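Chain by chain, the residues:
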Amino acid sequence: MVGKIGRVTGTIGPGQIGEVMVPIRGGSEAFHAYASDADETMTTGSRIVVVEYYPPRTVVVARL
């Protein structure tokens, strides 16, 4: 998961969980997501890279 590139599908804000779609296993799957920078807001459609993965469905992401 770490290093995968995806898109924000639910806004990620400071202290707020969002949602991202990440291509995996031949399709795209939704994951709960937090921003790596706690003060950053990522809007829907932003491209992201996964920097941490917490099974089963949570990731920490950074903007590309």
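Everything numeric here is computed off the predicted structure, so don't read it as measured data.

Within this structure, the stated rule accounts for three salt bridges. E29 is the salt-bridge partner of R25, the closest N and O atoms lying 2.8 Å from each other. Between E29 and R57 there is a salt bridge, with its nearest N and O atoms 2.9 Å apart. Of this pair, E29 sits in strand β3 (residues 27-35) while R57 sits in the loop between β4 (47-54) and β5 (58-63); the two residues are 28 residues apart in sequence, bridging distant segments of the chain. Taken together, the salt bridges that share partners define one network made up of R25, E29 and R57.

Geometry of an aromatic ring pair is reported as the spacing of the ring centres plus the angle between the planes. Using the criterion set out here, one finds one aromatic pair in the structure. The interplanar angle of 80 degrees and the centroid separation of 6.4 Å between the aromatic rings of F31 and Y53 together place this pair among those described as edge-to-face. Here F31 is found in strand β3, whereas its partner Y53 is found in strand β4, with 22 residues between them in sequence. On the accessibility criterion, Y53 (31% relative accessible area) is partly exposed.

The biggest cluster of nonpolar side chains holds 13 residues, and the ones touching the most others in it are I12, V20, M42, I48, V59 and V61. Taken together, the elements giving at least two residues each to this core come down to β2 (18-24), β3, β4 and β5. Dropping the residues within four chain positions of it, V20 is found in contact with R7, V8, T9, I12, E29, A30, F31, A33, I48 and V59.

Quick notes on the rules
- Residues numbered from 1 in each chain as written.
- Predicted model: local features only at pLDDT ≥ 70, side-chain atom pairs only at ≥ 80, totals over all residues.
- Heavy atoms only, no water.
- Salt bridge = Lys/Arg side-chain N within 4 Å of Asp/Glu carboxyl O.
- Helix = DSSP H or I, 4+ residues; strand = E, 2+ residues; numbered from the N terminus.
- Phe/Tyr/Trp six-rings, centres within 6.5 Å; stacked < 30°, edge-to-face > 60°.
- Buried < 20%, exposed > 50% of the residue type's maximum accessible area, 1.4 Å probe, protein only.
- Core = buried A, V, L, I, M, F, W, Y, C linked by side-chain atoms within 4.5 Å.
- Contact = heavy atoms within 4.5 Å.

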